Amino acid sequence: GEGARMRFAATLLRKSLGSQQQAVPLPDGAAWKPQWVAADDQLLGEALLLISSSSLATDELSAEEFEELVDYFKAKQAHRSQDEIKRRMTVLEAAFGGGRQDFDAFRQGGAPG
């Protein structure tokens, strides 16, 4: 029946994802105004690397570092306020964690493709 087909499809999907099964999905940013999209996460990851941060923990960043993040977004034509960036990092830290490996997992999950 229908239930068996759905279970089979779910099993196939899990198998096709394979090693990616442990990957944490990026939290949805569709409710944001403007929407927070995967490209924004990509920029955030790049910006954090530029300021030599490898953590999603907001409390590890100074006010100047947050300014640099905002400037990086502006330079890429993606205008995000400091509050938005802080809010997104808080969501990401809750999803991934605040450590170095967590940041690497976010970078891999956040990369397109």
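Residues numbered from 1 in each chain as written. Predicted model: local features only at pLDDT ≥ 70, side-chain atom pairs only at ≥ 80, totals over all residues. Heavy atoms only, no water.

S.K.: Tell me about the nonpolar core, residues and numbers included.
M.R.: In this structure, Leu-44, Leu-48, Leu-69, Ile-85 and Met-89 are the most contacted members of the largest nonpolar core, which totals 21 residues. Breaking this core down by element, the ones donating at least two residues are helix 2 (38-50), helix 3 (63-75), helix 4 (82-96) and helix 5 (100-110). The dominant element in this core, judged by the number of residues it contributes, is helix 3, at 5 residues. Leu-48 has contacts with Ser-53, Ser-55, Leu-56, Leu-61, Leu-69, Met-89 and Phe-103, leaving out every residue within four places of it along the chain. (Core = buried A, V, L, I, M, F, W, Y, C linked by side-chain atoms within 4.5 Å. Buried < 20%, exposed > 50% of the residue type's maximum accessible area, 1.4 Å probe, protein only. Helix = DSSP H or I, 4+ residues; strand = E, 2+ residues; numbered from the N terminus. Contact = heavy atoms within 4.5 Å.)

S.K.: Hey, could you go over unusual backbone geometry for me, with residue numbers and the actual values?
M.R.: Omega for the peptide link from Lys-33 to Pro-34 comes to -10°, which places this bond in the cis form. One can find Pro-34 in the loop between helix 1 (2-17) and helix 2. The backbone of Ser-52 sits at a positive phi, close to 60°, despite the residue not being glycine. Mapped onto the secondary structure, Ser-52 falls in the loop between helix 2 and helix 3.

S.K.: Give me the packing of helix 3 against helix 4: which residues, what numbers.
M.R.: Following both chains from N to C, one finds helix 3 and helix 4 inclined at 105°, their axes separated by 9 Å at the closest point. Of the possible angle classes, the one that applies to helix 3 and helix 4 is roughly perpendicular. Contacts between helix 3 and helix 4 involve Phe-66, Glu-67, Leu-69, Val-70 and Phe-73 on the former and, on the latter, Gln-82, Ile-85, Lys-86 and Met-89. Residues of the contact of helix 3 with helix 4, tallied by class, amount to 6 nonpolar, 1 polar and 2 charged. (Axes fitted to C-alpha atoms, helices over the stretch in contact; angles between N-to-C directions. Parallel < 35°, antiparallel > 145°, perpendicular 65-115°, else oblique. Nonpolar A, V, L, I, M, F, W, Y, C, P; charged D, E, K, R; others polar.)

S.K.: Describe the pattern of salt bridges, naming the residues involved and giving the relevant values.
M.R.: Summed over the entire model, instances satisfying the criterion amount to 4 salt bridges. Glu-84 is paired through a salt bridge with Arg-80; the nearest N and O atoms lie 3.0 Å apart. For Glu-84, a relative accessible area of 13% translates into the label buried. Asp-104 is the partner of Arg-100 in a salt bridge, and the nearest nitrogen-oxygen pair spans 3.4 Å. Residue Arg-100 and its partner Asp-104 are both found in helix 5; the two are separated by 4 residues, about one turn of the helix. The class of Arg-100 is partly exposed, set by a relative accessible area of 48%. Beyond isolated ion pairs, a larger network of salt bridges with shared partners links Asp-40, Arg-80 and Glu-84. (Salt bridge = Lys/Arg side-chain N within 4 Å of Asp/Glu carboxyl O.)

Fair warning: the whole summary comes from geometry, so function is off the table for now.
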